[in-house]
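This is what each chain is made of:
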Amino acid sequence: MRILLVEDHQESRKDLQRFIERRGHEVVAVGSAEEAKQAIAAQAFPFLILDWMLPGKSGIELCRELRAKPRGDDMFILLVTARDDTEDLQQALAAGANDYLTKPLDLALLNVRLCVAERQIRELAERNQARVAVQESARAMTEILEKTTDAFFAVDREWRFIYLNPEAETLLGRRRDEVIGKELWKEFPQLNGSPFEVNYRRVMTDQMPVEFEASDPAGKVWFEMRAYPSGGGVSVFFRDVTERKRAEEERLTTDKLESLGTLAGGIAHDLNNILTVISGNIGLAQIEVPNDASSLLSFLSKAGQAAQHAAHLSSQLLTFSKGGAPLKRIALISDLLGQAAEFSLSGSSLRADVDIPVDLWKAEVDPGQIEQVINALMINAREAMPHGGAVRISARNVELEDKLGALLPAGRYIKITITDRGCGIEPELATKIFDPYFTTKPTGIGLGLAISYSIVKRHGGMLHLESSSTEGSTFAFYLPAEHGLGAPGPRITNRPFRFNHQRILVMDDETAIRELTSQLLGTLGFEVTAVPDGLEAVKIYERALHAGENFQAVILDATVRGGMGGLATIAQLRSLDPNVTAIICSGYSDEAALSEFLTYGFRGALPKPFTRRELADVLQRAFEAGKVN
């Protein structure tokens, strides 16, 4: 090691220098305190040997001065003097000397002192290296904490802030110079009794890390928290996860609706088959009843209306089913809003305050389903305002950008908002309002908002509670704007039906529906062949084709239990006859087959239940489409 020897007696200095150098050390020898300071300024010495009596400044004064400087404890100082009383020894140690040696020097004792010094200097060097490493680590950690995207703060065992990073300043809304040294619970009294306090105190008491999520007192902002014991206090990493929580709630709502949809779709399918038979037979009975049997015709008409009402309820169930896709056409949203608002508010003490720009974009929607959404939201507004008032309805063109965590893809949308002036929705209920069967109304069934949510989602949009307070609530939903690629909706014709002796093939696995469809088609002038599954339909169609007795149309049930359904059947029929006129029929409102029937080779779609007129109309349009093609 490098040693600085300060001795004013030249011969003693040289002798001592040679002796120490023989131990393998590098020795710089000077004769005064001033020379010693110059040498120390030029290079570092871990070991100093100071003579007590020096010209000018004494060795003990130099010792005090060196110890008072920054990092003055990083060197070992051996004080050498001819004075050997106890008081001098205490004075040397008080000045900061590590050891003491008296003259005349005993070389054996000096050797011992050097050995002791070497060991202590090695230990001191190791401690200094460890301290430097800790300081470097602390600097690196501080730099990381300053730049991390997570917020971080630390408190000591007295709950006083000792550090906040910039992100914590942002999320807490306080500058670090405002809170450092101050108690957490006094600076943020709203945390008292909250999950934050419970968990922080648990970390302090149990000295175990805790992870949890909690919201601010208003329940609007959610945080993901990770708290750790640290130096007797608590260190906390946290981040704003409000958008993630909102997305999770959206997914949870979707999962609930899909679970309900599995059941609803099956029930609606069977119900639609039954309603098809009921409606169809009512229609057949109306044909057979004499014109003078007015009472009987009235009864049948009322029964038919009831069946149509049941069909409407069934269509609401189908909204939840996997195949419950909307039958879209390009529509003016402004017209739908006006019609639905007028209908929903009729007979009430409310009025509609409508704000719709003239340049509002069009949308490709199922008009009936979108009216159902508007009606549900308007009914909510009516119930929220029993004493009357104005419900504000507005629509705007919006363009959404592509953002991380966004609930809708980027693109052009129409945003519709419906605002009431009621007393608002309690925060604890706001996350449940779209749950199936959740209601706060004694007579409600809890499906209005759930169905509306599903409808908007199936249109590629989003419905949510935008805001709620004691002054009212605002619901908003987004619909994708049309891009000029949509098709107009189905045309309903009132022309008389003339299908003279045309041959038609009907495939349905339900015997009652096969019989009913055959009877309805018979009254329209068709010759009907009915089969229970797709395989049989393909065989009969092929046989007729080869015999020159072609079928002018086929009606195929989309879903056949245990057999080949409509989609597989049309593929085989088109391989036999590319010009086949096929109509898909389903009680599931199947997405692929009904909403996009042209894509799959069909020329028409017939949702169950259907009436004689609807059956005739879809055939008329299918034949017209065949002529065009």
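See the structure above.
Residues numbered from 1 in each chain as written. Predicted model: local features only at pLDDT ≥ 70, side-chain atom pairs only at ≥ 80, totals over all residues. Heavy atoms only, no water.

Notes on the overall build of the protein
- If you tally the helices and strands in the protein, you get 20 helices and 22 strands.
- For the protein, the residues scored as buried account for 43% of the 629 residues in total.
- Taking the contacts inside the protein whose residues are at least 6 apart along the sequence as the reference set, 64% of them involve residues at least 24 apart.
- Surface summary for the protein: the accessible area is close to 32400 Å², and the carbon and sulfur share equals 52%. (Helix = DSSP H or I, 4+ residues; strand = E, 2+ residues; numbered from the N terminus. Buried < 20%, exposed > 50% of the residue type's maximum accessible area, 1.4 Å probe, protein only. Contact = heavy atoms within 4.5 Å. Areas by Shrake-Rupley, 256 points an atom, 1.4 Å probe, with all protein chains shown as cover.)

Overview of unusual backbone geometry
- Look at the link from Lys-608 to Pro-609: it is a cis peptide, with omega at -5 degrees.
- Along the chain, Pro-609 turns up in the loop between strand S22 (604-607) and helix H20 (612-628).
- The phi torsion at Trp-159 lies on the positive side, around 65 degrees, for a residue other than glycine.
- Within the fold, Trp-159 resides in the loop between strand S6 (151-155) and strand S7 (161-164).
- Since its relative accessible area comes to 9%, Trp-159 is described here as buried.

A word on the packing of aromatic side chains
- Overall, the coordinates contain 17 aromatic pairs when judged by the stated rule.
- An angle of 35 degrees between the planes, with centres 6.5 Å apart, marks the rings of Phe-526 and Phe-623 as tilted. You can see Phe-526 sitting in the loop between helix H16 (511-523) and strand S19 (527-531) and its partner Phe-623 sitting in helix H20, a full 97 residues away along the chain. An identical accessibility class is assigned to Phe-526 and Phe-623; each is buried.
- Grouping aromatic residues by their ring pairs yields a cluster made of Phe-153, Trp-159, Phe-161, Trp-185, Phe-188, Phe-196, Tyr-200, Phe-212, Phe-223 and Phe-238.
- Taking the ring centre of Phe-188 as reference, the NZ or CZ of Arg-174 above it sits at 5.5 Å. (Phe/Tyr/Trp six-rings, centres within 6.5 Å; stacked < 30°, edge-to-face > 60°. Lys NZ or Arg CZ within 6 Å of the ring centre and 35° of its normal.)

Notes on the packing of helix H12 (residues 333-345) against helix H13 (residues 367-384)
- Where H12 contacts H13, the axes come no closer than 9 Å and their chain directions differ by 45 degrees. Taken together, the axes of H12 and H13 lie oblique to each other. As for the relative orientation of H12 and H13, their crossing is right-handed in sense. Contacts between H12 and H13 involve Leu-336, Leu-337, Gln-339, Ala-340, Ala-341, Phe-343, Ser-344 and Leu-345 from the former and Pro-367, Ile-370, Glu-371, Ile-374, Asn-375, Met-378 and Arg-382 from the latter.
- Taken together, the residues that form the contact of H12 with H13 break down as ten nonpolar, three polar and two charged. (Axes fitted to C-alpha atoms, helices over the stretch in contact; angles between N-to-C directions. Parallel < 35°, antiparallel > 145°, perpendicular 65-115°, else oblique. Left-handed = near helix turned anticlockwise from the far one by under 90°. Nonpolar A, V, L, I, M, F, W, Y, C, P; charged D, E, K, R; others polar.)

Considerations on the sheet that holds strand S15 (residues 411-419)
- Across the sheet, five strands lie side by side as S12-S14-S15-S17-S16; this open sheet has mixed pairing. Across the chains shown, the open sheet's two edge strands, defined by having one partner strand only, are strand S12 (350-355) and strand S16 (462-469). When the angles between neighbouring strand axes are averaged without regard to direction, this sheet yields 20 degrees.
- Sheet analysis places S12 next to strand S14 (residues 389-400), joined by six bridges and oriented parallel. Opposite Ala-352, over in S14, you have Val-391 as the bridge partner.
- Seen against the sheet, H12 touches S12, S14, S15 and strand S17 (472-480) and runs at an angle of roughly 170 degrees to S12.
- Contacts between H13 and the sheet are confined to S12, S14, S15, S16 and S17, with S17 contributing the most and set at about 175 degrees to the helix. (Pairing = 2+ DSSP bridges.)

Comments concerning the pairing of S17
- The element S17 is largely enclosed, with a buried count of eight among its nine residues.
- Direction of pairing for S15 relative to S17: antiparallel, over a ladder of seven bridges. Looking across to S17, one finds that Thr-419 is bridged to Thr-474.
- Pairing geometry for S16 and S17, over seven bridges, is antiparallel. By the bridge assignment, Ser-467 is partnered in S17 with Thr-474.

Quick look at the sheet that holds strand S21 (residues 582-586)
- Strand order in this open sheet of five strands is S19-S18-S20-S21-S22, and the pairing throughout is parallel. Only two strands of the sheet have a single neighbouring strand rather than two, namely S19 and S22. When strand polarity is set aside, the average angle formed by the axes of neighbouring strands in this sheet is 20 degrees.
- Against the sheet, H16 makes contact with strand S18 (503-507), S19 and strand S20 (553-557), and its axis sits at roughly 170 degrees relative to S19, the strand it touches most.
- Lying on the sheet, helix H17 (residues 534-547) is in contact with S18, S19 and S20; it crosses S18 at an angle near 160 degrees.

Looking at the side chain of Ser-394
- Looking at where Ser-394 falls in the secondary structure, it is placed in strand S14.
- Take Ser-394: its relative accessible area is 13%, and that puts it in the buried class.
- Among the polar contacts listed, one links the side chain of Ser-394 to the side chain of Thr-417, at a separation of 2.4 Å.
- Setting aside residues up to four positions removed in sequence, Ser-394 forms contacts with Asp-355, Lys-415, Ile-416 and Thr-417. (Polar contact = N/O pair within 3.5 Å; in protein donor to acceptor, adjacent residues only side chain to side chain.)

A word on H17
- Taking 1.5 Å per residue, 14 residues should reach 20 Å; H17 reaches 20 Å between its end C-alpha atoms and fits that length.
- Of all the positions in H17, only Gly-534, Ala-537, Val-538, Ile-540, Tyr-541 and Ala-544 are classed as buried.
- For H17, the secondary structure elements touched by its buried residues are S18, S19, S20 and helix H18 (566-576).
- At the N-terminal boundary of H17, the capping side chain belongs to Asp-533, with an oxygen 3.2 Å from the backbone nitrogen of Leu-535.
- A positive backbone phi angle near 75 degrees is found at Gly-548, which sits one or two residues after H17. (Expected span 1.5 Å × (residues − 1).)

Digging into the packing of helix H2 (residues 33-42) against helix H3 (residues 59-68)
- Two numbers describe how H2 lies on H3: the axes approach to 10 Å, and their chain directions differ by 25 degrees. On the basis of their axis angle, the class for H2 and H3 is roughly parallel. The interaxial crossing formed by H2 with H3 has right-handed handedness. When H2 is examined against H3, the residues Ala-33, Ala-36, Lys-37 and Ile-40 are found in contact with a partner set consisting of Leu-62, Glu-65 and Leu-66.
- Tallied by class, residues from the contact of H2 with H3 come to five nonpolar, no polar and two charged.

A closer look at H18
- Every buried residue of H18 is accounted for by Gly-566, Thr-569, Ile-570 and Leu-573. In a view along the axis of H18, the buried residues occupy a sector of 100 degrees, so they form one face of it.
- Each element contacted by the buried residues of H18 is listed here: S18, H17, S20 and S21. (Arc of directions from axis to C-beta.)

Remarks on the pattern of salt bridges
- For the coordinates displayed, the defined rule picks out 29 salt bridges.
- Residue Arg-239 pairs with Glu-224 through a salt bridge whose shortest N-O separation is 3.8 Å. Of this pair, Arg-239 sits in strand S10 (residues 233-240) while Glu-224 sits in strand S9 (residues 222-230), placing them 15 residues apart in sequence.
- When the shortest N-O distance is used, the salt bridge between Glu-224 and Arg-244 registers 3.0 Å. Taken together, the residues Glu-224 in strand S9 and Arg-244 in helix H10 (residues 242-288) connect sequence positions 20 residues apart. (Salt bridge = Lys/Arg side-chain N within 4 Å of Asp/Glu carboxyl O.)

Interpretation note: all reported values are geometric properties and have no functional meaning in isolation.
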